[in-house]
Each structure stands twice: as C-alpha cells, then as structure tokens.
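Results of the structural survey
Given next are the chains, with one letter for each unit.
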Amino acid sequence: MMYYDFEAGNKAYKLRLNTRNVVALEKQLGGNPLSIFGDGSKLPTVSELVAVLWASLQQYHHGITMNDAYDIFDAYLENHIMTDFLSVIIEVYKVSGLIQTEAAPEKN
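Structural notes, computed from the coordinates. Bear in mind that the values here come from a model prediction, so they are computed numbers and not experimental data. All residue numbers refer to positions counted from 1 along the written sequence of the respective chain. Two thresholds apply to this predicted model, a pLDDT of at least 70 for residue-level local features and 80 or more for giving and counting side-chain atom pairs, whereas whole-chain, interface and lining totals are computed over all residues. Only hydrogens and water are removed before side-chain values are computed, so all heavy atoms of the structure are retained for them.

A few words on the overall build of the chain. On a plain count of helices and strands, the chain comes out with four helices and two strands. For a compact globule the rule gives 2.2 Å times the number of residues to the power 0.38, and the radius of gyration it is set against comes from C-alpha atoms. For the chain, whose C-alpha radius of gyration is 14 Å, the value lies close to the compact-globule estimate of 13 Å for 108 residues. Dimensions of the chain along its principal axes, counting C-alpha atoms only, are 50 × 35 × 30 Å. The cut-offs for exposure are 20% and 50% of the maximum accessible area for each residue type, with area from a 1.4 Å probe on protein chains only; residues under the lower value are buried, those over the upper are exposed, and the others partly exposed. By residue count, 37% of the 108 residues in the chain fall in the buried class. For the chain, contacts bridging at least 24 residues in sequence account for 60% of all contacts bridging at least 6. Using the Shrake-Rupley algorithm and a 1.4 Å probe, accessible areas are obtained, with residue cover drawn only from the displayed protein chains. Split by element, the accessible area of the chain, about 6,600 Å² in all, is 51% carbon and sulfur. Computed over 8 positive and 13 negative side-chain charges, the separation of the two mean positions in the chain equals 10 Å. In DSSP terms, a helix is any run of H or I states spanning at least four residues, a strand is any run of E spanning at least two, and both are numbered starting from the N terminus. In this analysis, two residues are considered to be in contact whenever any of their non-hydrogen atoms come within 4.5 Å of each other. The positive count covers Lys and Arg only, the negative count covers Asp and Glu only, and His and the chain ends enter neither. Charge positions are represented by NZ for Lys, CZ for Arg, CG for Asp and CD for Glu.

What follows is the structure, encoded as structure tokens:
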C-alpha cells in the first residue's frame, strides 16, 4: 500500500486517501477534491487544506478528529509556510490515484 510520509511537530504520519475518505472529503468540500485548485489561478483556503489533511490521515491514523487535524496543521506551519502544503496535497493525490504520477506512455 502506498502512502505519503508527512511530518509535523516532530511526529510522523502516513497520508493516503482511500475511496471512503475521498467521499467524506467530497462531502466536506462540496465537490471533487481536485476542485480546490480551481483552474490553477487560486490558492485553496485553509479550511480546504485542513479538510484534505484530515481525510488523508483517516486510513492510517484512525480516530484523528478535525480538531486534531487543525493542531497537526499548526505544527506543520511552525517550520513551513501554508503554500508548502500544496506539494503535500499533490503527493497525497498521486499516491491515492487521484492524479497521474507521471506522463502516461503514448498509445499507438
């Protein structure tokens, strides 16, 4: 099983979205998780970032609440800036099969 290694506040976490958690995330966001990037001209909101973090924690860290996710995000921000988290989301989406990891081979 693939996951993304994530560290915040000197604690290590495994992040991955399975189908159940993608559906929960869709309900929280009111749409497709990819929509947080819009057409590429906007940054996701903090609530969207934390929602993705929370959903990504559920598979390997059962029982993490949304309040826990806020605290983990705060711990992450002690050594990073908010926009650094965008690359984390991209990596989580890749290991979860939501976006392609590399260019697909051309079909003849």
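Following the sequence through the fold, Ile-36 ends up in the loop between helix 1 (19-29) and helix 2 (46-57). For the pair formed by Ile-36 and Glu-48, sequence separation is twelve residues and the distance between their alpha carbons is 6.9 Å. Setting aside its immediate chain neighbours within four residues, Ile-36 contacts Leu-29, Lys-42, Leu-43, Pro-44, Glu-48, Val-52, Ile-89 and Tyr-93.

Time to look at the packing of aromatic side chains. Side-chain rings of Phe, Tyr and Trp (the six-membered ring for Trp) are treated as a pair once their centres are within 6.5 Å; stacked means planes under 30 degrees apart, edge-to-face means over 60, and tilted covers the remaining angles. Inspection of every chain in the model, using the stated rule, returns eight aromatic pairs. When the centroid spacing of 6.4 Å and the interplanar angle of 80° are considered together, the rings of Phe-37 and Tyr-93 count as edge-to-face. Taken together, the residues Phe-37 in the loop between helix 1 and helix 2 and Tyr-93 in helix 4 (residues 84-95) connect sequence positions 56 residues apart. Each member of the pair, Phe-37 together with Tyr-93, is buried. A centroid spacing of 6.4 Å and a plane angle of 25° characterise the contact between Phe-73 and Tyr-76, whose relative ring orientation is stacked. Placement of both Phe-73 and Tyr-76 in helix 3 (residues 66-77) is noted, with a separation of three residues, approximately one turn of the helix. The burial state of Phe-73 is the same as that of Tyr-76; both residues are buried. Note that Lys-14 overlies the ring of Tyr-60, its terminal NZ or CZ placed 5.6 Å from the centroid. The criterion is that NZ of a Lys, or CZ of an Arg, lies within 6 Å of the ring centre and within 35 degrees of the ring normal, and then a charge sits over that ring.

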